[in-house]
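Coordinate inspection notes
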Amino acid sequence: MNVTLVEINIKPERVDEFLEVFRANHEGAIQEPGNLRFDVLQDPRVKTRFFIYEAYKDEEAVLAHKQTPHYLACVEKLEELMSEPRKKRSFVGLLPE
């Protein structure tokens, strides 16, 4: 299992727009055959900070996700909404198997 944790910091006046843009990516991602999980989380202390928890069955599924229309549209729109560049960390998921 391939897991990515992405931190996204949004300009305060653009949070609602971010949620709209990311909802489309979320809804598309959870329909992908290789997707196991795609959570959008908000930091309770910093309302402009979001974390995306993505789990895919393998690297092939991750690469397929990055070619989808919903991912490409989201990344394009995201640039103007962010207050700083995204931060990504990749992990190997061990449990559940």
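Model, not experiment: these values are computed from the prediction.

**Here's the deal with the pairing of strand 1 (residues 2-9)**
Taken across its eight residues, strand 1 has six buried, putting it largely inside the fold. Judged from the eight bridges that link them, strand 1 and strand 3 (residues 49-56) form a sheet pairing that is antiparallel. The residue of strand 3 that forms the bridge with Asn-2 is Tyr-56.

**Some remarks on helix 1 (residues 15-29)**
The end-to-end C-alpha separation of helix 1 is 20 Å, in line with the 21 Å expected for 15 residues at 1.5 Å each. Residues of helix 1 that are buried: Val-15, Phe-18, Val-21, Phe-22, Asn-25, Gly-28 and Ala-29. Residues of helix 1 that are buried in the fold lie against strand 1, strand 2 (35-42), strand 3, helix 2 (59-65) and helix 3 (69-81).

**Describing the sheet that holds strand 2**
Sheet strands associate in pairs through backbone hydrogen bonding, adopting either a parallel or an antiparallel arrangement. Taken in spatial order, the four strands of this open sheet run 2-3-1-4, and their pairing is antiparallel. Because the sheet does not close on itself, it has two edges, and the strands there are strand 2 and strand 4 (87-92). Across the sheet, the axes of successive neighbouring strands diverge by a mean angle of 15°, strand direction being ignored. Sheet topology places strand 2 next to strand 3; seven bridges connect them, and they run antiparallel. Paired with Gln-42 across the strands is Phe-50, a residue of strand 3. Across the sheet, helix 1 touches strand 1, strand 2 and strand 3, and the angle it forms with strand 2 is around 170°.

**Brief notes about the pattern of salt bridges**
One pass over the full model with this rule turns up seven salt bridges. For the salt bridge of Glu-7 with Lys-87, the shortest nitrogen-to-oxygen distance reads 3.5 Å. With Glu-7 in strand 1 and Lys-87 in strand 4, the pair connects residues that are 80 residues apart, well separated along the chain. Lys-87 gets classed as partly exposed once you look at its relative accessible area, which sits at 42%. Across the pair Glu-80 and Arg-14 runs a salt bridge whose closest N-O atoms are separated by 3.1 Å.

**Here's the deal with the UniProt feature "domain: ABM" (unreviewed entry) in the protein**
UniProt records the feature "domain: ABM" (unreviewed entry) for residues 2-91 in the present numbering. Split by type, residues 2-91 is 39% helix and 32% strand. Its first and last C-alpha atoms lie 6 Å apart.

**Digging into unusual backbone geometry**
Here the bond from Leu-95 into Pro-96 is cis, since omega is 0°, no more than 30 degrees from zero. Residue placement: Pro-96 occurs in the segment after strand 4.

Cut-off values and rules
- Residues numbered from 1 in each chain as written.
- Predicted model: local features only at pLDDT ≥ 70, side-chain atom pairs only at ≥ 80, totals over all residues.
- Heavy atoms only, no water.
- Buried < 20%, exposed > 50% of the residue type's maximum accessible area, 1.4 Å probe, protein only.
- Helix = DSSP H or I, 4+ residues; strand = E, 2+ residues; numbered from the N terminus.
- Pairing = 2+ DSSP bridges.
- Expected span 1.5 Å × (residues − 1).
- Contact = heavy atoms within 4.5 Å.
- Axes fitted to C-alpha atoms, helices over the stretch in contact; angles between N-to-C directions.
- Salt bridge = Lys/Arg side-chain N within 4 Å of Asp/Glu carboxyl O.
- UniProt positions renumbered as here; feature names shortened; annotations may be inferred.

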